[in-house]
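# An overview of the molecular structure
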Amino acid sequence: RCLSVLRRRCDIAGKRLAGPGLAAEGRVLRSVLYVYHSRLLRHRPYLALQQVEQCLKRLWKMNLVGCLETLVELIPKKNASKAQEECLVPSQPMLETVALKVLGGCKLILRLLDCCCKAFLLSVKHLCSEEFILLNTLASGLLSRLWFVIQYRCVLQSLTSLYGALSTMLHLVSETQQTPYIKGFTFPSDISEFLGVNISSEAKKQQAKMFTTKKSTSWMKKLFPPMPEAVSKVGKKRKPETCPSAMKNRGILCTVDIGETVV
């Protein structure tokens, strides 16, 4: 029964970590940082975005998905027959290695969520000051989407439930035959004590911060007021062939982030 629970939770955690959401947001984030690297080296939202990217990079370098796949391969697919009381189980060193990576992954994801929240608040703050409108609008949308992907897909919750199954199996295996691999570290029985925060309450706090900031500032209405009807009618009548100056300055507008409304 413990083996089947462990296999199922490893599969769930691996699928949620290897999902397309995290990978896609990570690629977009790297592209944004690459484009703005030479222009915004001292900009605070840009530095906060770099911290988010570092957390994502460390999470991928852990190769937690590959470690979970290796553990699943060691778990027998079928339960042993009732007449046979013995069955193959993963070794204690393997279970300890996976458990340690799961603990580190949970810490990293908590840090990633915290960095996303701080960077989002900084982006909205500078956006209200009409600084680097293009970057901060893009960053606020990207960070809120990344935070939502982790929370909605329950990546952290799946890892914490996986650690519970790992802890139970590790305790049973060590009682049968003690072959400790990681020395000088005591694996916690409750992962919430190790993390130091309640996951659900922390997520609610961060969500309240982000939603309250968006609601109170209403930065979209401040920075992008509705266009007057006269200007909009003129814009509709105007054709692209009659605006050579706009086509000439198109390259400048694409490369420079402007802080004022351009008619």
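Residues numbered from 1 in each chain as written. Predicted model: local features only at pLDDT ≥ 70, side-chain atom pairs only at ≥ 80, totals over all residues. Heavy atoms only, no water.

The protein chain carries the name NEPRO protein in an unreviewed UniProt entry, which gives Acrocephalus arundinaceus as its organism.

## What about helix α3 (residues 44-61)?
The following threshold applies: Secondary structure elements follow DSSP: runs of H or I of four or more residues count as helices, runs of E of two or more count as strands, with numbering from the N terminus. By this rule, a helix spans an expected 1.5 Å times one less than how many residues it contains. Burial classes follow relative accessibility: with a 1.4 Å probe on protein chains only, a residue under 20% of its type's maximum area counts as buried, one over 50% as exposed, and anything between as partly exposed. Note on contacts: a residue pair qualifies if any of its non-hydrogen atoms lie within 4.5 Å across the two residues.
With 18 residues, α3 extends 26 Å from end C-alpha to end C-alpha; this agrees with the ideal 26 Å at 1.5 Å per step. P45, Y46, A48, L49, V52, E53, C55, L56 and L59 are the residues of α3 that are buried. Close packing links the buried residues of α3 with α2 (20-35), α5 (92-128) and α6 (133-152).

## Considering the pattern of salt bridges
Where we set the bar: A pairing counts as a salt bridge when a side-chain nitrogen of Lys or Arg comes within 4 Å of a carboxyl oxygen of Asp or Glu.
Throughout the structure, instances matching the rule amount to four salt bridges. We note a salt bridge from K57 to E53, for which the minimum N-O separation is 4.0 Å. Note that K57 and E53 are positioned in helix α3 at a spacing of four residues, about one turn of the helix. Where D114 meets R111, a salt bridge forms, and the shortest distance between an N and an O atom there is 3.8 Å. Of this pair, D114 and R111 are both found in helix α5, three residues apart, which corresponds to roughly one turn of the helix. A cluster of three or more residues bridged by salt bridges with shared partners is formed by R111, D114 and K118.

## Some points on the confidence of the model for the protein chain
The cut-off we apply is this: The score called pLDDT rates the predictor's confidence residue by residue, from a low of 0 to a high of 100.
For the protein chain, the mean per-residue pLDDT works out to 75, and 74% of the residues sit at or above 70. Within the model, the stretch residues 238-258 combines pLDDT values under 50 with nine contacts to residues more than four positions away or in other chains.

## Topic: the environment of Y163
Among the secondary structure elements, Y163 is positioned in helix α7 (residues 155-176). Taking C-alpha positions, Y163 is 7.7 Å from L103, a pair spaced 60 residues apart along the chain. Residues contacting Y163, with those up to four places away along its chain left out, are A99, V102, L103, F187, P188 and I191.

## Some words on the environment of K77
Mapping K77 onto the fold places it in the loop between α4 (64-74) and α5. The exposure class of K77 is exposed, given its relative accessible area of 76%. In sequence terms K77 and S4 are 73 residues apart; their C-alpha atoms lie 8.0 Å from each other.

## Details of the packing of helix α1 (residues 2-17) against α7
When two helices pack together, their arrangement is given by the angle between their axes and by how far apart the axes lie. Quick note on the threshold: For helices, the fitted line uses only the C-alpha atoms of the stretch in contact; every axis is such a line through C-alpha atoms, and the angle between N-to-C directions lies from 0 to 180 degrees. Geometric relationships in this document are graded by angle, where less than 35 degrees denotes roughly parallel, more than 145 denotes roughly antiparallel, 65 to 115 denotes roughly perpendicular, and other angles denote oblique. Two helices crossing with the near one rotated counterclockwise from the far one by less than a right angle form a left-handed crossing, whereas a clockwise rotation gives a right-handed crossing. When residues are grouped by polarity, Ala, Val, Leu, Ile, Met, Phe, Trp, Tyr, Cys and Pro land in nonpolar, Asp, Glu, Lys and Arg in charged, and all others, Gly among them, in polar.
Axis separation between α1 and α7 bottoms out at 9 Å; the angle between their running directions is 150°. Classified by the interaxial angle, the pair formed by α1 and α7 is roughly antiparallel. By crossing handedness, the relation of α1 to α7 is classed as left-handed. On the side of α1, the interface is formed by C2, L3, V5, L6, R9, C10, I12, A13, R16 and L17, while α7 contributes V155, S158, L159, S161, L162, G164, A165, L166, T168, M169 and L172. The residue makeup of the contact of α1 with α7, split by class, is 15 nonpolar, four polar and two charged.

## Considering α2
Defined as follows: The reported arc concerns the directions from the helix axis to the C-beta atoms and nothing else.
With 16 residues, α2 extends 23 Å from end C-alpha to end C-alpha; this agrees with the ideal 22 Å at 1.5 Å per step. Listed in full, the buried residues belonging to α2 are L22, E25, G26, L29, V32 and L33. Take α2 and look down its axis: the buried residues cluster within an arc of 125°, on one side only. Residues P20 and Y34 are exposed on α2 and point more than 90 degrees away from its buried face. Summarising the contacts, the buried residues of α2 are in contact with α1, α3, α6 and α7.

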